[in-house]
Amino acid sequence: MQVTRFAADWAAALGRPVAADERIVLAVSGGADSMAMLALAAAAFPGQIAAATFDHGLRAGSAAEAAMVADWCGAHAVPHRILHPATPLPRANLQATARRARYAALLDWAAGAGAGASMLATAHQADDQAETFLMRAGRGSGLNGLAGVRPRRVETLADGRQVTLLRPLLGWRRAELRAVVRAADLPFVDDPSNADPRYDRVRVRMLLRDQDVLDPAQLARSANWLAEAEADWRLVAERLWTERSTWQEADRLHVSVAGLPRGMRRDLARRAILACRESCAIATPVFDAATNIESLLDALERGKIASQAGLIVKPITDIWIFMPAPPRKTG
């Protein structure tokens with residue numbers, strides 16, 4: 001019954017059933033959630049899966065945990081690889097740095113000769129989604145942030161290879177997955193950092209655990225609805241971008257914002273910044289899809305020239321012109 005449910009949830013996340021010749025890589029940390037996913041996937045897609053464990057090397061027991069996963073995979077004819085950071089991880093902003101290193105290594109191995117897979121699955125579940133929703137709401141996130149973890153996203157690597165990143169367990173609760181591992185007598189570990197209140201996510205987890213007003217499953221459902229609305233918005237935004245953005249020169253991007261509400265102007269401005277930075281090879285300062293641009297929008301809507309992310313933006317009536325900022329004078 002659980003395997004049938006899992007296969008259906010996987011197909012829903014992917015948008016279609018898994019083909020018999022498709023290769024799948026699972027990101028398995030050794031925690032209860034990922035071990036449950038490993039066992040369910042091995043039963044649902046026999047002979048099609050491989051697993052990888054990323055050992056950050058940040059805790060004394062991490063190597064043994066990776067070996068535990070490798071042993072289970074070896075006993076069940078599942079190919080497995082232990083991955084490591086390419087360089088030692090800096091201690092500053094450790095969780096975010098470790099997450100980026102983990103995904104980079106997993107995606108590279110999934111797409112490469114190590115597995116030749118078209119999909120990489122992680123074990124994010126409904127409680128994770130609820131925690132993400134509350135954390136982002138607490139930071140004043142907009143639609144994109146509140147939509148939380150997406151069930152499917154295509155990742156393009158630097159060399160052009162593509163891997164579909166899947167989260168098939170977003171409809172499963174943490175307690176359900178722990179029941180799966182216990183019923184199957186699967187080995188698993190509890191990462192001590194998951195109980196460390198120094199981390200924001202752990203404090204939100206404790207908040208949800210110690211109250212009965214907010215239902216994590218319902219919070220996750222809200223995030224899913226917002227993800228659907230955000231996907232619809234993307235379709236509209238793509239059309240607007242095609243119709244309203246033009247390169248006048250190699251480093252001059254013109255965007256028409258005539259008649260658009262602020263939300264759509266925000267989206268076009270963010271896309272323009274990303275496009276102009278890519279075209280002009282601007283890497284600093286850091287800018288991504290979550291960077292706040294409200295001050296930029298305020299200035300442009302007042303008809304003022306503004307700057308952000310290494311760019312100058314000049315409004316001429318309802319045309320916003322994005323261009324590289326001139327080099328700073330020194331000396």
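Residues numbered from 1 in each chain as written. Predicted model: local features only at pLDDT ≥ 70, side-chain atom pairs only at ≥ 80, totals over all residues. Heavy atoms only, no water.

- You'll find the chain entered in an unreviewed UniProt entry as tRNA(Ile)-lysidine synthase, with Sphingomonas abaci given as the organism.
- If you open the UniProt record of the chain and go to Catalytic activity (unreviewed entry), you find "cytidine(34) in tRNA(Ile2) + L-lysine + ATP = lysidine(34) in tRNA(Ile2) + AMP + diphosphate + H(+)".
- In its Sequence similarities (unreviewed entry) section, the UniProt entry covering the chain states "Belongs to the tRNA(Ile)-lysidine synthase family." (UniProt positions renumbered as here; feature names shortened; annotations may be inferred.)

**Describing the packing of aromatic side chains**
Part 1 of the reasoning: Counted by the stated rule, this structure contains 3 aromatic pairs.
Part 2 of the reasoning: Ring centres of Phe6 and Phe45 lie 6.4 Å apart, and the angle between their planes is 50°; on these two criteria the pair is classed as tilted. Separated by 39 residues along the polypeptide, Phe6 in helix H1 (residues 2-14) and Phe45 in the loop between helix H2 (32-44) and strand S2 (49-54) bring together distant segments of the chain.
Part 3 of the reasoning: On the basis of relative accessible area, Phe6 is assigned to the buried category, the value being 0%. (Phe/Tyr/Trp six-rings, centres within 6.5 Å; stacked < 30°, edge-to-face > 60°. Helix = DSSP H or I, 4+ residues; strand = E, 2+ residues; numbered from the N terminus. Buried < 20%, exposed > 50% of the residue type's maximum accessible area, 1.4 Å probe, protein only.)

**Considering a nonpolar patch on the surface**
Part 1 of the reasoning: Residues Leu207, Val213 and Leu214 make up a contiguous nonpolar surface patch of about 290 Å² in total accessible area.
Part 2 of the reasoning: Mapped onto the elements of the fold, Leu207 is located in helix H8 (residues 200-209).
Part 3 of the reasoning: When its relative accessible area of 47% is taken as the criterion, Leu207 is described as partly exposed. (Patch = residues over 30% accessible without salt bridge, like charges linked within 9 Å, V, L, I, M, F, W, Y side chains within 5 Å. Areas by Shrake-Rupley, 256 points an atom, 1.4 Å probe, with all protein chains shown as cover. Salt bridge = Lys/Arg side-chain N within 4 Å of Asp/Glu carboxyl O.)

**Quick word on the pattern of salt bridges**
Pairing is possible between side chains of opposite charge, provided their charged atoms come close.
Part 1 of the reasoning: Applying the stated rule across the entire model yields 28 salt bridges.
Part 2 of the reasoning: Among the ionic pairs, Asp298 bridges to Arg262, the shortest N-O distance being 2.8 Å. You can see Asp298 sitting in helix H11 (residues 294-301) and its partner Arg262 sitting in helix H10 (residues 262-279), a full 36 residues away along the chain.
Part 3 of the reasoning: A relative accessible area of 33% means that Asp298 is categorised as partly exposed.
Part 4 of the reasoning: Between Asp267 and Arg271 there is a salt bridge, with the nearest N and O atoms lying 2.7 Å from each other. Linking Asp267 with Arg271, this pair stays in helix H10, spanning 4 residues, or about one helical turn.
Part 5 of the reasoning: According to the relative accessible area criterion, Asp267 is buried, its value standing at 9%.
Part 6 of the reasoning: Note on Arg271: relative accessible area 17%, which makes it buried.
Part 7 of the reasoning: Bridged by salt links that share partners, the residues Arg150, Glu230, Arg234, Glu238, Asp267 and Arg271 form one connected network.

**Concerning the domain arrangement of the chain**
Part 1 of the reasoning: Entries for the chain in the domain assignment read domain 1 (1-225) and domain 2 (250-324).
Part 2 of the reasoning: On a C-alpha basis, the centroid separation for the pair domain 1 and domain 2 is 35 Å. (Domains from an automatic or database assignment.)

**Things to note about the packing of H1 against H2**
Part 1 of the reasoning: Look at H1 against H2: their axes get within 9 Å of each other, and the N-to-C directions meet at 90°. Taken together, the axes of H1 and H2 lie roughly perpendicular to each other. Where H1 approaches H2, its residues Gln2, Val3, Phe6 and Ala7 are matched on the opposing element by Met37, Leu40, Ala41, Ala43 and Ala44.
Part 2 of the reasoning: Taken together, the residues that form the contact of H1 with H2 break down as 8 nonpolar, 1 polar and no charged. (Axes fitted to C-alpha atoms, helices over the stretch in contact; angles between N-to-C directions. Parallel < 35°, antiparallel > 145°, perpendicular 65-115°, else oblique. Contact = heavy atoms within 4.5 Å. Nonpolar A, V, L, I, M, F, W, Y, C, P; charged D, E, K, R; others polar.)

**Examining the side chain of Arg271**
Part 1 of the reasoning: Here the side chain of Arg271 touches Glu238 through a polar contact of 3.2 Å, side chain to side chain.
Part 2 of the reasoning: Excluding its chain neighbours within four sequence positions, the residues that come into contact with Arg271 are Arg234, Ala237, Glu238 and Trp241. (Polar contact = N/O pair within 3.5 Å; in protein donor to acceptor, adjacent residues only side chain to side chain.)

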